[in-house]
Amino acid sequence: MAAAGADVIGIARSPEGLATLGSEVAELGREFLAVPADLSDVDSIRSAAERACAWKGAVTTLVNAGGTIVRREVLEVTPSDWDEVFDVNVRGTFFLTQALARQMLENGGGAVVNIASVAAEVTTGASAPYSASKAALVQLTRVLAIRLAPTVRVNAVGPAYIRTELNSEWLEKDRNRNWVVERTPLGRVGEPGDVTGAVVFLASPAASYITGQHLLVDGGWTAQ
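Residues numbered from 1 in each chain as written. Predicted model: local features only at pLDDT ≥ 70, side-chain atom pairs only at ≥ 80, totals over all residues. Heavy atoms only, no water.

### Thoughts on the pairing of strand 3 (residues 61-64)
In strand 3, alternate side chains face the same way, and those of L62 and N64 are buried while those of T61 and V63 on the opposite face are not. Taken together, the four bridges between strand 3 and strand 4 (residues 110-115) define a ladder with parallel strand orientation. Bridging across to strand 4, T61 finds its partner in A111. As for the winding sense of the linkage, the β-α-β connection from strand 3 through helix 3 (residues 79-107) to strand 4 is right-handed. (Buried < 20%, exposed > 50% of the residue type's maximum accessible area, 1.4 Å probe, protein only. Helix = DSSP H or I, 4+ residues; strand = E, 2+ residues; numbered from the N terminus. Pairing = 2+ DSSP bridges. Right-handed = clockwise from strand over helix to strand, strands pointing away.)

Pasting the structure below:
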């Protein structure tokens, strides 16, 4: 987003992660505001949204990229595992969107892009709580798109297996990585840059007639 010309607000639990992100944004010549917050805590979310809106008077774009996963087999999933995943992936996304969409409506427009997953559409190796949370996020995207139209557009991007901090350790194992590559027509694991173009597109005026969509960035996984 910074490379596309946006000033950036980072909302995350990790001060170290925010510092790293701030440095990357600064290198691109854009301004950055770090807002420590816990997406599983609604009071923390609302406080973060207030700080974000006060920074420059308005937030025009929200990218909900916060996410977590618990890797357990179906019979081993506990209620706390389930709640942990849904609190961040669905509940946190909804209440942050609610807080920022309110001022987007008041200020005449905005765009929301949710990071969902190919696991929302097909069965992958992802755990049951994660897959269910991403399917819920896709439906939430559609509902918000209708409820907030025509002023605020809401879309989702659905990556397949992307080499990120969340799953880099899992992908380091040859068995896991080969399983992904064999099922991907483009023959490789995705990289973060494969996803960012889709996010920037959906947030931009080039997508002004697109809302309520789940754009899959999956190397052809779901085309088979």
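### Observations regarding the sheet that holds strand 6 (residues 214-217)
The strands making up a sheet associate through hydrogen bonds between their backbones, and the pairing can be parallel or antiparallel. What the four strands build is an open sheet, ordered 3-4-5-6; its pairing is parallel. Across the chains shown, the open sheet's two edge strands, defined by having one partner strand only, are strand 3 and strand 6. Direction aside, the axes of adjacent strands within the sheet are offset by 20° on average. Contacting strand 3, strand 4 and strand 5 (152-159), helix 3 crosses the sheet at an angle of about 175° to strand 3. Across the face of the sheet, helix 4 (residues 128-148) comes into contact with strand 4, strand 5 and strand 6 while running at roughly 160° to strand 5. (Axes fitted to C-alpha atoms, helices over the stretch in contact; angles between N-to-C directions. Contact = heavy atoms within 4.5 Å.)

### So, the nonpolar core
If you look at the biggest cluster of nonpolar residues, it comprises 23 residues, and the most contacted ones within it are L96, L100 and V154. With six residues, helix 4 is the single largest residue contributor to this core. Ignoring sequence-local partners within four residues, the contact set of L100 consists of A49, C53, V59 and L62. Counting 11 residues, the second-largest nonpolar core is a separate cluster that includes V113, A198, V199 and A203. (Core = buried A, V, L, I, M, F, W, Y, C linked by side-chain atoms within 4.5 Å.)

### Some words on unusual backbone geometry
Geometrically, the link from A149 to P150 is a cis peptide bond, its omega value of 0° lying close to zero. Topologically, P150 is positioned in the loop between helix 4 and strand 5.

### Some remarks on helix 3
Think of an α-helix as turning once every 3.6 residues; residues three or four places apart then point the same way. Its 29 residues place the ends of helix 3 40 Å apart at the C-alpha level, agreeing with the 42 Å of an ideal helix rising 1.5 Å per residue. D87 marks the point of greatest bend in helix 3, at about 45°. Trailing helix 3 by a residue or two, G108 shows a phi angle of about 95°, which is positive. (Expected span 1.5 Å × (residues − 1). Bend = angle between axes of the 7 residues up to and from the residue.)

### A short note on the pattern of salt bridges
Summed over the entire model, instances satisfying the criterion amount to nine salt bridges. Here K56 ties to D7 by a salt bridge, and the two come within 3.6 Å at their closest N and O atoms. One end of the pair, K56, is in helix 2 (residues 42-56); the other, D7, is in the segment before strand 1 (8-12), with 49 residues separating them in the sequence. Looking at D7, the relative accessible area reads 27%, which means it is partly exposed. Between R142 and E121 there is a salt bridge, with the nearest N and O atoms lying 4.0 Å from each other. Pair noted here: R142 is in helix 4 and E121 is in the loop between strand 4 and helix 4, with a separation of 21 residues, a long-range link. Among the residues examined, E121 registers a relative accessible area of 40% and is labelled partly exposed. Counted as one network, the salt bridges with shared partners bring together D7, R30, E31 and K56. (Salt bridge = Lys/Arg side-chain N within 4 Å of Asp/Glu carboxyl O.)

### Considering the pairing of strand 4
Of all six residues that make up strand 4, six are buried, and the element is covered over most of its length. Of the two faces of strand 4, the one lined by G110, V112 and N114 and the one lined by A111, V113 and I115 are each fully buried. Note that the unit made of strand 4, helix 4 and strand 5 has a crossover that is right-handed.

### Thoughts on the environment of D38
Within the secondary structure layout, D38 lies in the loop between strand 2 (32-36) and helix 2. Using a relative accessible area of 25% as the deciding quantity, one classes D38 as partly exposed.

### Quick look at the packing of helix 3 against helix 4
Describing two packed helices takes the angle between their axes plus the distance from one axis to the other. It is at 9 Å that the axes of helix 3 and helix 4 come closest, and there the two elements cross at 15°. It follows from the interaxial angle that helix 3 and helix 4 lie roughly parallel. For the pair helix 3 and helix 4, the sense of crossing is right-handed. Along its contact with helix 3, which presents W82, V85, F86, N89, V90, T93, F94, T97, A101 and L105, the element helix 4 presents A128, P129, Y130, A132, S133, K134, A136, L137, L140, L144 and L148. Split into classes, the residues belonging to the contact of helix 3 with helix 4 amount to 16 nonpolar, four polar and one charged. (Parallel < 35°, antiparallel > 145°, perpendicular 65-115°, else oblique. Left-handed = near helix turned anticlockwise from the far one by under 90°. Nonpolar A, V, L, I, M, F, W, Y, C, P; charged D, E, K, R; others polar.)

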